[in-house]
Amino acid sequence: MDTRPFRSVLYIPGSKERALEKATSLAADAIIFDLEDAVALEEKARARVLLAETLQSLDYGARAKLVRINALSTDWGMADLDVIGSAAPEAILLPKVDEASQIEALARLLDARAETANTRIWAMMESPLGVLNAAAIARAPRMAGFIMGTNDLAKDMGCRFRPDRLPLLAALQLPLIAAKAAGIVAVDGVYNAFKDEDGLRAECEQGRDMGFDGKTLIHPAQLAIANEVFSPSAAEIDLAQRQIEAFDAATARGEGVAVVDGKIVENLHIVTAKQILAKAQAIADMTE
Ligand code: COA
Ligand code: MG
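Residues numbered from 1 in each chain as written. Chains lettered and ligands numbered in written order. Predicted model: local features only at pLDDT ≥ 70, side-chain atom pairs only at ≥ 80, totals over all residues. Heavy atoms only, no water.

### Side note on the coordination of the magnesium ion (ligand 2)
For the magnesium ion (ligand 2), the full set of protein donor atoms is Glu-126 (OE) and Asp-152 (OD), and the range of their distances to it is 2.0 to 2.1 Å. With Glu-126 in the loop between strand 5 (120-125) and helix 5 (128-132) and Asp-152 in helix 7 (residues 150-157), the pair connects residues that are 26 residues apart, well separated along the chain. With respect to class, Glu-126 is no different from Asp-152; both count as buried. (Donors = N, O, S within 2.8 Å, 3.2 Å for Na, K, Ca; no water. Helix = DSSP H or I, 4+ residues; strand = E, 2+ residues; numbered from the N terminus. Buried < 20%, exposed > 50% of the residue type's maximum accessible area, 1.4 Å probe, protein only.)

Below, the structure written as structure tokens:
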């Protein structure tokens, strides 16, 4: 069971030195170093070199490090991969993924050089076609996770932003189901109004309840809320411990079912309870 936390996944434009430095001490579980849409066209070349140097010189500790390159079909994608590849990146995040063949092509390029022998691939889920092909994409070589690109999705769907995200629900859930089926991570999209704490909290809670591992973020002010919402609460940890104790006691009596707080506890609930405790432990290990 992979319990690495992805509660808070912070985008940092690869061109912003100050933000790149600041992130070494920010409470993010993962960082997306962006060379794509957060970097202006005239900054693309400088950003990729700055980022390759930064990844080799700064220590981001236990935080997962994803580099979002430009699509390989653009003028910048291959050069991004070439320069970033030399820095042995932990993971490449590929944008605008419509079909599994794009992942297979990237995997072949990573196979071809020694520095990227262990580099994993993440895919942006941000187009209607990508969403429809999510099951095959999730199973492609080196795949480790999906990042929901909700701004691009809303644009291509022609749907409106609503606090309940009802117009986007199916487009969120199809990749989520595909990720679960393939055993990879799934991280929810960004909340654009980065000063609206109540709105962010509500959207984090919705994503958490759906089953996402965490939320992508655009500003450090969003970190604390995402970390809190996607962590098991004290009440959940307490319940998980009591379920495990009650189930062990029932098993010792030769019974297959226990009752806790008026609800039955079966083996499948114990699987969830143990996952909650393992996640809480992984978070504690990360932040110690
Ligand atoms: N990661 C790390 N640090 C960040 C940051 C980020 N995403 N966004 C801002 N900061 C830092 C700033 O460098 C600044 O640091 P300082 O006080 O040490 O100088 C501090 O946080 C406060 O920043 P603030 O002035 O509030 O923000 P801003 O007005 O400079 O920038 C944004 C606002 C939205 C432009 C900026 O947060 C940003 O570029 N976010 C990422 C956008 C992105 O990557 N989009 C692509 C995916 S949707
Ligand atoms: Mg996008």
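### Some words on the pattern of salt bridges
Scanning the model with the defined rule gives 26 salt bridges in all. Arg-165 is the salt-bridge partner of Asp-188, the closest N and O atoms lying 2.7 Å from each other. One end of the pair, Asp-188, is in strand 7 (residues 185-188); the other, Arg-165, is in the loop between helix 7 and helix 8 (169-182), with 23 residues separating them in the sequence. Take Asp-188: its relative accessible area is 0%, and that puts it in the buried class. (Salt bridge = Lys/Arg side-chain N within 4 Å of Asp/Glu carboxyl O.)

### Observations regarding the sheet that holds strand 2 (residues 30-34)
Strand order around the closed barrel formed by 8 strands is 1-2-3-4-5-6-7-8, with parallel pairing between neighbours. Looking at each pair of strands side by side, their axes are set apart by 25° on average, direction ignored. Judged from the 4 bridges that link them, strand 4 (residues 91-94) and strand 5 form a sheet pairing that is parallel. When the bridges of strand 5 are listed, Leu-94 appears paired with Ala-123. (Pairing = 2+ DSSP bridges. Axes fitted to C-alpha atoms, helices over the stretch in contact; angles between N-to-C directions.)

### Topic: helix 9 (residues 197-210)
Compared with the 20 Å implied by 1.5 Å per residue over 14 residues, the 20 Å span of helix 9 between its first and last C-alpha is a close match. Taken as a whole, helix 9 has its buried residues at Gly-199, Leu-200, Glu-203, Cys-204, Gln-206, Gly-207 and Met-210. Taken around the axis of helix 9, the buried residues stretch over an arc of 160°, which confines them to a single face. Of the residues in helix 9, the exposed ones pointing more than 90 degrees away from the buried face are Asp-198 and Asp-209. One side-chain oxygen of the residue at the start of helix 9 lies 3.4 Å from the amide nitrogen of Asp-198, identifying that residue as Asp-196. At the exit of helix 9 stands Gly-211, carrying a positive phi of roughly 120°. (Expected span 1.5 Å × (residues − 1). Arc of directions from axis to C-beta. Polar contact = N/O pair within 3.5 Å; in protein donor to acceptor, adjacent residues only side chain to side chain.)

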